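Structure assessment
The primary structure of each chain is shown beneath.
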There are 2 protein chains.
Amino acid sequence: MTYCVGLKLNAGLVLLSDTRTNAGLDNIACYRKMFFFEEPGDRAIVVMTAGSLSVTQTTLARLSEAIHDEMADETTSIMKALTMLQVATIIGDTLSRTRREIAEQCRDLRQQASASMIVAGQRAGGDMRMFLIYPEGNFIEATEDTPFLQIGEHKYGKPILDRVVTPATSLADAQKAVLLSMDSTLRSNLSVGMPLDMAIIEAGACAVTTRRRILDGDADFARMSVAWSNALRDSFVKVTI
Amino acid sequence: MTYCVGLKLNAGLVLLSDTRTNAGLDNIACYRKMFFFEEPGDRAIVVMTAGSLSVTQTTLARLSEAIHDEMADETTSIMKALTMLQVATIIGDTLSRTRREIAEQCRDLRQQASASMIVAGQRAGGDMRMFLIYPEGNFIEATEDTPFLQIGEHKYGKPILDRVVTPATSLADAQKAVLLSMDSTLRSNLSVGMPLDMAIIEAGACAVTTRRRILDGDADFARMSVAWSNALRDSFVKVTI
């Protein structure tokens with residue numbers, strides 16, 4: 001399982017992913033699920049992935065291959081695409097084609113091979129945009145009304161986002177919100193696990209302005225997690241029925 | 001969809017269910033999902049249901065029919081069963097048989113007809129017990145380590161239970177915990193809805209000691225919900241990263 005969350009705020013894009021991958025419960029591994037495609041000042045794109053590792057890895061390998069292809073143009077390379085919408089379209093098409101091929105290979109196993117992605121970024125001259133790309137290649141976009149998108153195990157971490165995130169949320173509060181959302185998910189689902197990857201693309205920068213890997217045992221994250229637990233328990237005591 | 005939760009505490013059993021039933025998103029109705037089988041002083045049994053309404057209603061109708069059958073004995077009537085384990089077995093068998101029959105009828109629709117139940121209660125001379133009965137009729141039981149069981153849309157409301165519920169939790173705190181757990185679920189999933197049904201079986205009473213229907217617009221519940229939202233937002237501000 002996986003949990004990835006992205007916020008699209010007036011101040012920038014804030015993205016967080018876990019790194020746990022499992023095939024069953026007895027085969028657990030650590031794989032990065034956040035990928036960067038960046039040419040500072042021109043474009044900054046972050047892709048987060050959930051689902052079958054063979055689908056996501058092959059999709060990303062094909063996206064990279066297309067970038068390095070000498071014949072690539074704006075319709076095949078996300079580093080040449082003219083808009084974030086075109087980036088989302090290229091990724092959606094690649095994901096959809098890869099998923100169909102692998103699902104066909106796995107048909108006899110009666111196993112689902114599927115994946116979804118969050119694509120967030122900004123292209124010079126364009127707005128920041130963030131998309132959730134479905135396994136079929138179609139996508140939806142974060143808006144003023146719903147400024148966050150989630151993939152993977154999204155339910156445990158949604159209540160806190162519903163309550164505190166608006167487009168006006170500051171980058172500092174946004175980092176806190178996604179980390180607390182992840183903290184709830186880590187507590188409730190064993191198949192979501194440390195370390196975490198966080199990235200921030202500040203509005204107008206066209207660059208990934210913050211990249212941070214939060215390791216298991218990270219003192220700040222542990223302190224925040226304990227403080228949040230204590231605050232929740234205190235709140236619970238205070239509220240009366 | 002549905003959300004039902006039960007706590008098994010040293011002080012008693014605390015049970016809460018919603019009442020929303022939907023067939024698709026455009027056909028929403030209100031159905032009770034909490035059912036009482038009681039002979040005060042001898043036995044108190046509460047059944048909560050989730051899943052296909054045709055399966056749960058038929059299962060309950062058959063359980064009632066068996067109770068009123070003159071030939072009924074301790075192996076067929078939950079009002080004659082000698083232990084709560086026997087009650088769970090009768091309900092599991094009835095649910096499993098009903099589900100198989102209805103699934104067979106629905107085969108051409110390629111639709112899942114399934115259901116699960118929480119069965120909680122006490123029989124004079126026995127301990128309080130609480131079971132989660134799976135669609136196949138097998139079941140698990142709440143224990144000291146995991147004193148709560150949930151069916152239906154369980155994820156949104158689990159983090160608060162994980163944090164505050166232990167077997168030593170008081171009945172007052174337990175009511176608050178299940179109501180806050182329901183509140184998180186109501187906010188995040190439209191297919192879980194008011195009114196709510198709450199029941200308490202105090203330890204040793206062998207009777208349903210509290211029954212309460214909480215209607216939409218209930219002042220106490222609304223006040224608690226707002227207080228909890230405010231407390232969460234305050235906690236969010238206080239916690240630092």
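Figured I'd write up the structure that's included with this text. (Residues numbered from 1 in each chain as written. Chains lettered and ligands numbered in written order. Predicted model: local features only at pLDDT ≥ 70, side-chain atom pairs only at ≥ 80, totals over all residues. Heavy atoms only, no water.)

Residues and elements named next belong to chain B. Helix length check: helix 1 (residues 53-68) (16 residues) gives 22 Å between terminal C-alpha atoms against 22 Å at 1.5 Å per residue, within 8%. Among all positions in helix 1, only Val55, Thr56, Thr59, Leu60, Leu63, Ala66 and Ile67 are buried. Looking down the long axis of helix 1, one finds its buried residues gathered within 120° of arc, a one-sided arrangement. Facing away from the buried surface of helix 1 by more than 90 degrees, the exposed residues are Glu65 and His68. Packing partners of the buried residues in helix 1 comprise strand 5 (34-39), strand 6 (43-51), helix 2 (84-105) and strand 7 (115-123). (Helix = DSSP H or I, 4+ residues; strand = E, 2+ residues; numbered from the N terminus. Expected span 1.5 Å × (residues − 1). Buried < 20%, exposed > 50% of the residue type's maximum accessible area, 1.4 Å probe, protein only. Arc of directions from axis to C-beta. Contact = heavy atoms within 4.5 Å.)

Before going further, it helps to spend a moment on the sheet that holds strand 10 (residues 148-152) of chain A. Residue and element names in this part refer to chain A. Strand order across the open sheet formed by five strands is 10-1-2-11-12, with antiparallel pairing between neighbours. The strands lining the two open edges of the sheet, one partner per strand, are strand 10 and strand 12 (210-214). If you compare each strand with its neighbour and ignore which way they point, the axes differ by 10° on average. Both strand 2 (residues 12-17) and strand 11 (residues 196-202) contribute to a ladder of six bridges, which runs antiparallel. Bridging across to strand 11, serine 17 finds its partner in aspartate 197. (Pairing = 2+ DSSP bridges. Axes fitted to C-alpha atoms, helices over the stretch in contact; angles between N-to-C directions.)

Each copy superposes on the other: chain B lies on chain A with an RMSD of 0.0 Å after a rotation of 180° and an axial shift of 0.0 Å. Each copy turns onto its partner about a two-fold axis. Ranked by how close their C-alpha atoms come to the rotation axis, the residues of chain B are headed by Tyr156(B), at 2.6 Å. The residues that chain B uses at the interface reappear at the interface of chain A in 100% of cases, marking a shared surface. (Least-squares fit on C-alpha atoms with pLDDT ≥ 70 in both.)

Purely geometric stuff here, so don't read any function into it on its own.
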